[in-house]
Amino acid sequence: MVKRIRADVRGRVQGVGFRPTVYRYATHWQLSGFVRNTAAGVTLEIQGEAGKVAAFIKELKTAPPPNAKIEALQIQEIAAGEDTDFVIMASQRSGTMETGMPPDLAMCPDCEGELFDSQDRRYQYPFINCTNCGPRFTLIQSLPYDRGHTSMNAFTMCEACQREYTQPGDRRFDAQPNACSVCGPHCRLLDANGKEQSGNPILAAAGLLQQGAVLAVKGIGGYHLACDAKHEEAVKTLRLRKNRPAKALAVMFANLEAIQACCEITPKEIEALLSPARPIVVVKRKKNFPFPELLSPDTNDLGVFLPYSPLHHLLLAQISPLVMTSGNRAEEPIVKDEKELSQILGDIADDALVHNRPIVRRCDDSVLKIVEQVPVFIRRSRGFVPNPIVLPLSGPSVLACGGDLKNTFCVTRKSQAYLSQHVGDLNEKTAHDFYQEQIHDFCKLLDLQPEILAYDTHPDYLSTRFALQAATGEKVAVQHHHAHIAAVMAEHQLSGPVIGVALDGTGYGDDGTIWGGEIFLADFKQYQRAGHFKSYALPGGEQAIRHPERMAYSYLWAETGSEADEWAQAYLTHLSSSDRVLLKQMIEKKIRSPQTSSAGRLFDAVAAILGMGESVSYEGQAAIRLQTAAEHEISEVYDYQIELQGNREIISFGPMLQRIIRERKEKVSIEVMAKKFHNTVVAALGELCQKLSLREKINRVVLSGGVFQNDLLLRLMIKKMRDQGLEVYYPVQAPPNDGGIALGQAAVALARYRTNE
Ligand code: ZN
Ligand code: ZN
Ligand code: FE
């Protein structure tokens, strides 16, 4: 009996070899009909013997293409047609844009085989790809995903490529970026003045790197700055020119074995390193690490990753490992095209390895760390964006503007939240060009017109000003730490209420002070500040953040009075006596000294008290040093106090600070004090969460905020909560830092919208 069905497939089904797979299965089962991309996904009609039609459906469901994700498959029986063979039809642009757009995919093993096969026609061709691999998000101008809508539209396929592209059953059948050395993009090597150099550009680039040069290398989502990771002078030069004195640099290795030779890596870390997203994975360096300490001077960790574009494979085959850090000036967006190259070429990079396949949108490398067998993001960008995160809420489209540091924004469609790629730190310049340009681009790409704008309550955030200046849309202000907690609730599909522990550097509080050591009772709609770290003066604001010894002085002055001076003179060696006089005046007279309950500042201050407080060149530096020092088994804790003031529980670490300054005098080891400090923070939070859990009958605890990038703290907290019989949730799909707050803002806005309906 002949049967014809129509199937509408939704999910991530474009750009992942879906139609060719449908074609192969249909022809295998001798079915006729067609398949085509639509704005909503993929539509197919198949006709043939009923048993074969069923077999086809079963095969498609059980063995979809490796990078596809079928979210919905709607099948209906329709009248039989006249067609006798199976075809792939041109795309149809209609309906709503609901198709899941694929992220960029690392080169697959089949293509790698061809790349290094001297008999293959694509031998050493740096832009090899197929239906299972290659750039997507950074290449697509608009959906549906067809060559004409990508930056490959400038290249006309040669006969051989065209044959593959149109030959059903070929690995490159309908592979949109298909190319070869005859018809596709090419590399060039430029000198500091932008003049093209002769010879094989990749070999010549490797030669320059060997000599210690710093190169700009055009990749998938932007440029990298590269240098030989073994070459201490080259690494120093790169750091100096990029004005990045100490923050860890990511290192790309030719293969997994090379990483295993110098780092301790676990099976979960290997899985992450080899995943098609190819993120930077932060792992432990081995004790006898053979490369310069300078790569990550503040920590025993190192961010490592594997080549993901064919160009990387060819370059790394010549020289490995390479420092591969974002191609930008500090705090500026990653450079993506030849026009912007002048920002880094000449000044930072000696030469540039470029190519002529345009990058449509910037996308930095993603960074993650495995904690308790689960990957936790530090930055969620290339390889993951624009995969949606499913919310337990739905409603009109929301644009959540994010924060000011490590900015990402988020746009929703029904219950799907699309967290943007890493935008970075907003300042007057980037906020206006880059941030707004990216929001516009992202909404256009996803075909969304947000009706609600969610933003941080901080009046001076540029993201807040952007939201408030927008001409249309309902505006919803969301408190910073509520957003942190809501983000974790959202990704774990919790509706609340929860006990939320938000530990971070800075966030605008409802009372106008700076919050950051917060314990909330929260659901999506609202929160109650049930407790917080005791507040201290932040003398000079930014100044105290950049110079942790100033913060240490503020804590000590509050806790020990005149003893602080004597002690500071001996141990806070970067503070002069006039600095101390000035600090004292600022704190006492409350001059430019806002109050803060920030956990980030507590970590800074304790780092400074333990002698790690020279001025910091990047956010979190002192805390990273403190965590690194805390490699000790000791499980003892210092004294602390939890005191009910009004309706809030105040956690004071005053007794701990008094004890630590005595132990410094007694020359107790820094490792012991650093570890005991971590234990104490965990013990205090554990006690308070337990108390709130009993009082409020809430068993769920959510951890969030940038301080939880400290994986020692995160692991200790997870254990403590579980030991106390509490259910603990922490950020997995979005980073704990401010790169995750847009997700929480979106969830809060949807929840509040529902109440207002
Ligand atoms: Zn491939
Ligand atoms: Zn070709
Ligand atoms: Fe934050």
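Quantities reported herein were computed from a predicted structural model and do not represent experimental measurements.

Colleague: How would you explain the overall build of the protein chain if you had to name every residue and give the values?
Modeller: What the protein chain contains, in helices and strands, is 23 helices and 31 strands. Taken against the 2.2 N^0.38 rule, which gives 27 Å for 757 residues, the C-alpha radius of gyration of the protein chain at 28 Å falls within 12% of a compact globule. C-alpha atoms of the protein chain, sized along the principal axes, occupy 90 × 65 × 50 Å. The buried share of the protein chain, taken over its 757 residues, is 60%. Long-range contacts, defined here as pairs at least 24 residues apart, represent 71% of the contacts in the protein chain between residues at least 6 apart. Just so you have it, the protein chain exposes about 28700 Å², and 48% of that area is on carbon and sulfur atoms. Distance between charge centres in the protein chain, computed from 83 positive and 88 negative side chains, equals 1 Å.

Colleague: Can you break down the coordination of the zinc ion (ligand 1) residue by residue, with the values?
Modeller: Around the zinc ion (ligand 1), the protein contributes the donor atoms Cys 108 (SG), Cys 111 (SG), Cys 130 (SG) and Cys 133 (SG), at 2.2 to 2.4 Å from the metal centre. Taken together, the four donor atoms surrounding the zinc ion (ligand 1) define angles of 104 to 116 degrees at the centre, an arrangement classified as tetrahedral. Written as a sequence motif, the donor residues of the zinc ion (ligand 1) are C-x2-C-x18-C-x2-C. In this pair, Cys 111 is assigned in helix α3 (residues 109-115) and Cys 130 in the loop between α3 and α4 (159-166), connecting sequence segments 19 residues apart. When sorted by exposure, Cys 111 lands in the same class as Cys 130, which is buried.

Colleague: Help me get a handle on unusual backbone geometry, residues and values and all.
Modeller: Peptide bonds are mostly trans, and most non-glycine residues show a negative phi. The omega angle of the peptide bond from Val 385 to Pro 386 is 10 degrees, so this bond is cis rather than trans. By secondary structure assignment, the location of Pro 386 is in the loop between β16 (374-379) and β17 (389-390). Gly 496 connects to Pro 497 through a cis peptide bond whose omega is -5 degrees. Relative to the assigned elements, Pro 497 resides in the loop between α13 (480-491) and β23 (498-508). One non-glycine residue, Lys 406, adopts positive backbone phi at about 50 degrees. Note that Lys 406 resides in the loop between β18 (398-400) and β19 (410-413). Of note in this structure, Asp 447 is not a glycine but carries a positive phi near 55 degrees. Mapped onto the elements of the fold, Asp 447 is located in the loop between α11 (428-445) and β21 (452-456). You can call Asp 447 partly exposed: its relative accessible area is 33%.

Colleague: So what's going on with the pairing of β21? Which residues, and what values?
Modeller: Counting buried positions over the five residues of β21 gives five, a clear majority of the element. In β21, alternate side chains face the same way, and those of Ile 452, Ala 454 and Asp 456 on one face and Leu 453 and Tyr 455 on the other are all buried. Sheet topology note: the β18/β21 ladder contains three bridges and is parallel. Residue pairing for β21: Val 398 is matched across the bridge by Ile 452. In this sheet, strand β22 (residues 474-478) lies alongside β21 in parallel orientation, the contact comprising five bridges. From the neighbouring strand, Asp 456 faces β22, where its bridge partner is Val 478.

Colleague: Requested: an account of the coordination of the zinc ion (ligand 2), with residues and values cited.
Modeller: At 2.2 to 2.4 Å from the zinc ion (ligand 2) lie its protein donor atoms, namely Cys 158 (SG), Cys 161 (SG), Cys 180 (SG) and Cys 183 (SG). Around the zinc ion (ligand 2) sit four donor atoms, and with donor-metal-donor angles ranging over 104 to 118 degrees the site reads as tetrahedral.

Colleague: Account for the nonpolar core, naming residues and giving values.
Modeller: Core analysis: the largest hydrophobic core is formed by 75 residues, its most contacted members being Val 501 and Leu 703. The element that contributes the greatest number of residues to this core is helix α21 (residues 670-696), accounting for ten residues.

Colleague: Requested: an account of the sheet that holds strand β2 (residues 32-38), with residues and values cited.
Modeller: Strand order in the open sheet formed by five strands is β4-β1-β3-β2-β5, and the pairing between neighbours is mixed. Of all the strands in the sheet, just β4 (69-78) and β5 (86-88) have a single pairing partner and so form its edges. Direction aside, neighbouring strands of the sheet carry axes that sit 15 degrees apart on average. As paired strands, β2 and β5 are joined by three bridges and run parallel to one another. What sits directly across from Val 35, in β5, is Ile 88. Sheet contacts for helix α2 (residues 50-62): β1 (2-12), β3 (41-49) and β4; angle to β3, the most-contacted strand, approximately 150 degrees.

Colleague: For the packing of aromatic side chains, give the residues involved together with the corresponding values.
Modeller: Within this structure, the stated rule accounts for 18 aromatic pairs. Between Phe 520 and Tyr 527, the aromatic rings sit 4.4 Å apart at their centres with planes inclined by 15 degrees, giving stacked as the arrangement. Across this residue pair, the class does not change: Phe 520 and Tyr 527 are buried. Here the aromatic cluster, defined as three or more aromatic residues joined through ring pairs, consists of Phe 137, Phe 409, Tyr 435, Phe 442 and Phe 466. If you follow Arg 361 out to its NZ or CZ, it ends over the ring of Phe 137, 5.2 Å from the centre. Here the basic side chain of Arg 382 rests over the ring of Tyr 308, its NZ or CZ set 3.5 Å away from the ring centre.

Colleague: Account for the sheet that holds β19, naming residues and giving values.
Modeller: Sheet architecture is open: six strands sit in the order β17-β20-β19-β18-β21-β22, paired in mixed fashion. Unpaired on one side and paired on the other, β17 and β22 mark the two borders of the sheet. Together, β17, β21 and β22 form the strand contacts of α13, whose direction differs from that of β22 by roughly 100 degrees.

Colleague: Outline the state of the cysteines, supporting the account with residue identities and numerical values.
Modeller: Per the stated rule, a full pass over the model turns up zero disulfides. Looking at Cys 227, it has no disulfide partner, and the nearest cysteine sulfur is the one in Cys 262, 15 Å off. For Cys 227, a relative accessible area of 0% gives the class buried.

Colleague: Before we move on, could you go through α2 and cite the residues and values that matter?
Modeller: The end-to-end C-alpha distance of α2, which contains 13 residues, comes to 18 Å, matching closely the 18 Å that a straight helix rising 1.5 Å per residue would cover. Buried-residue contacts for α2 involve β1, α1 (18-28), β3 and β4.

Colleague: Describe the packing of helix α18 (residues 599-609) against helix α19 (residues 621-629), and please don't skip the residues or the numbers.
Modeller: Put simply, α18 and α19 touch, their axes get as near as 8 Å, and they point 60 degrees apart. Taken together, the axes of α18 and α19 are oblique relative to one another. Crossing of α18 over α19 shows left-handed handedness. Between α18, through Phe 603, Asp 604, Val 606 and Ala 607, and α19, the contact on the second element is made entirely by Ala 622, Ala 623 and Leu 626. Its residues placed into classes, the contact of α18 with α19 shows six nonpolar, no polar and one charged.

Here is what the cut-offs are and how they apply
- Residues numbered from 1 in each chain as written.
- Chains lettered and ligands numbered in written order.
- Predicted model: local features only at pLDDT ≥ 70, side-chain atom pairs only at ≥ 80, totals over all residues.
- Heavy atoms only, no water.
- Helix = DSSP H or I, 4+ residues; strand = E, 2+ residues; numbered from the N terminus.
- Rg over C-alpha atoms; globule rule 2.2 N^0.38 Å.
- Buried < 20%, exposed > 50% of the residue type's maximum accessible area, 1.4 Å probe, protein only.
- Contact = heavy atoms within 4.5 Å.
- Areas by Shrake-Rupley, 256 points an atom, 1.4 Å probe, with all protein chains shown as cover.
- Lys, Arg positive; Asp, Glu negative; His and termini not counted.
- Charge placed at Lys NZ, Arg CZ, Asp CG, Glu CD.
- Donors = N, O, S within 2.8 Å, 3.2 Å for Na, K, Ca; no water.
- Tetrahedral: all angles 85-135°; square planar, octahedral: opposite > 155°, others 65-115°.
- Pairing = 2+ DSSP bridges.
- Core = buried A, V, L, I, M, F, W, Y, C linked by side-chain atoms within 4.5 Å.
- Axes fitted to C-alpha atoms, helices over the stretch in contact; angles between N-to-C directions.
- Phe/Tyr/Trp six-rings, centres within 6.5 Å; stacked < 30°, edge-to-face > 60°.
- Lys NZ or Arg CZ within 6 Å of the ring centre and 35° of its normal.
- Disulfide = S-S within 2.5 Å.
- Expected span 1.5 Å × (residues − 1).
- Parallel < 35°, antiparallel > 145°, perpendicular 65-115°, else oblique.
- Left-handed = near helix turned anticlockwise from the far one by under 90°.
- Nonpolar A, V, L, I, M, F, W, Y, C, P; charged D, E, K, R; others polar.

Take it as geometry only, folks, not as evidence of what the structure does.
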